[in-house]
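Listed below are the residues making up each chain.
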Amino acid sequence: MLAVKNQIDATYSILRFISANIENFDSKILDKMFLTNDQNNFTILMLAARYQPKALEFILAFIDENIAFFPVKNLPAFFIDNNSDNYNCLMLAAEYQPISVLPILNFISNKSESFKPYLEKIVWTKNKKGYNSLMLARHHPEVMASLINFINTQSKEIVYFTLNKIFLEKDDLSLTFLMLLARDKASSLKFSFEYIYHSGH
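Because the structure is predicted, anything quoted here is derived from the model rather than measured.

About the criteria used
Residues numbered from 1 in each chain as written. Predicted model: local features only at pLDDT ≥ 70, side-chain atom pairs only at ≥ 80, totals over all residues. Heavy atoms only, no water. Core = buried A, V, L, I, M, F, W, Y, C linked by side-chain atoms within 4.5 Å. Buried < 20%, exposed > 50% of the residue type's maximum accessible area, 1.4 Å probe, protein only. Helix = DSSP H or I, 4+ residues; strand = E, 2+ residues; numbered from the N terminus. Contact = heavy atoms within 4.5 Å. Phe/Tyr/Trp six-rings, centres within 6.5 Å; stacked < 30°, edge-to-face > 60°. Lys NZ or Arg CZ within 6 Å of the ring centre and 35° of its normal. Expected span 1.5 Å × (residues − 1). 1 Å grid on protein atoms, 1.4 Å probe; cavity = no way out; pocket = protein on both sides within 12 Å on 5 of 7 lines; lining within 4 Å. Points joined across faces, edges and corners; volume = space filled by probe spheres on them. Nonpolar A, V, L, I, M, F, W, Y, C, P; charged D, E, K, R; others polar.

## Observations regarding the nonpolar core
Here comes step 1: With 59 residues, the main nonpolar core has Phe62, Ile63 and Phe79 as its most contacted residues.
Here comes step 2: The leading source of residues in this core is helix 5 (residues 53-65), at 7 residues.
Here comes step 3: Sequence-distant contacts of isoleucine 63, defined by excluding residues within four places in its chain, comprise Phe34, Phe70, Leu75, Phe78 and Phe107.

Printed below as a string of structure tokens:
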């Protein structure tokens with residue numbers, strides 16, 4: 001965990017070592033490696049999403065490279081786990097490392113069948129202030145656009161569910177996503193309204 005947060009080269013070396021000896025690591029060991037929490041309930045994926053975009057890239061590539069050793073049904077657990085402030089890894093990336101959002105979304109998209117039942121929880125979990133991933137991404141228009149485009153590729157049910165969230169979901173101060181945009185990033189409102197318009201046609 002310390003390597004993921006502070007030492008990019010060490011993270012890479014550790015993952016390379018495990019890959020080279022992957023047959024000595026059964027799925028239980030790998031699950032434990034990815035699901036163990038530190039004192040703030042961060043997993044290694046959360047730490048990478050919060051602090052080190054390059055480490056996140058290495059970790060996701062490592063999972064892809066060794067996917068045969070990860071039970072597909074277990075993968076969503078890496079992304080729905082929450083830390084002490086109720087952030088999952090997508091939320092941490094949306095607020096602190098926007099460059100990491102697209103790699104996470106691409107990883108999920110490439111395994112859509114495994115993640116489909118968990119998308120609502122991954123995208124719409126709220127932190128202790130009542131912010132979900134879309135709300136946290138409001139300061140970064142390109143990230144917000146990536147999230148909305150990702151949602152738009154899902155089933156019609158999820159798209160309509162998203163519209164409901166955009167209009168009705170409120171944070172702890174009773175502000176919706178559109179209200180937060182109007183307050184903090186008015187320039188992004190146009191994109192949101194375009195999404196709403198096209199979703200209805």
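Okay, back to it.
## With respect to the packing of aromatic side chains
Here comes step 1: One pass over the structure, following the stated rule, counts 10 aromatic pairs.
Here comes step 2: When the centroid spacing of 5.1 Å and the interplanar angle of 25 degrees are considered together, the rings of phenylalanine 34 and phenylalanine 78 count as stacked. With phenylalanine 34 in helix 3 (residues 27-35) and phenylalanine 78 in helix 6 (residues 75-80), the pair connects residues that are 44 residues apart, well separated along the chain. The two residues phenylalanine 34 and phenylalanine 78 agree in class, both being buried.
Here comes step 3: Between tyrosine 87 and tyrosine 96, the aromatic rings sit 6.3 Å apart at their centres with planes inclined by 40 degrees, giving tilted as the arrangement.
Here comes step 4: Judged by relative accessible area, tyrosine 87 falls into the buried class, the value being 9%.
Here comes step 5: Tyrosine 96 gets classed as partly exposed once you look at its relative accessible area, which sits at 34%.
Here comes step 6: Within the aromatic cluster, the residues linked to one another by ring pairs are Phe34, Phe62, Phe70 and Phe78.
Here comes step 7: The ring of tyrosine 96 has arginine 50 sitting right over it, with the charged end atom 3.7 Å from the ring centre.
Here comes step 8: Positioned above the aromatic ring of tyrosine 131, the side-chain terminus of arginine 138 is 4.8 Å from the ring centre.

## Focus: the side chain of asparagine 83
Here comes step 1: For asparagine 83, the position within the fold is in the loop between helix 6 and helix 7 (89-96).
Here comes step 2: Take asparagine 83: its relative accessible area is 6%, and that puts it in the buried class.
Here comes step 3: For asparagine 83, the contacting residues outside a window of four places in its chain are Asn40, Asn41, Phe42, Met46 and Leu92.

## Quick look at helix 12 (residues 141-152)
Here comes step 1: With 12 residues, helix 12 should reach 16 Å at 1.5 Å per residue; the first-to-last C-alpha distance of 16 Å fits that figure.
Here comes step 2: Among the residues making up helix 12, those that are buried are Val143, Met144, Ala145, Leu147, Ile148, Phe150 and Ile151.

## A short note on empty space enclosed by the protein
Here comes step 1: For the coordinates displayed, the defined rule picks out 1 cavity of 30 Å³ or more.
Here comes step 2: Together, Leu119, Glu120, Val123, Trp124, Phe150, Ile151, Gln154, Ile158 and Thr162 line the largest cavity.
Here comes step 3: For the lining of the largest cavity, the secondary structure elements donating two or more residues are helix 10 (119-124), helix 12 and helix 13 (156-168).
Here comes step 4: Counting residues per element, the lining of the largest cavity draws most heavily on helix 10, which supplies 4 residues.
Here comes step 5: Along the lines of polarity and charge, the residues of the lining of the largest cavity split into 6 nonpolar, 2 polar and 1 charged.

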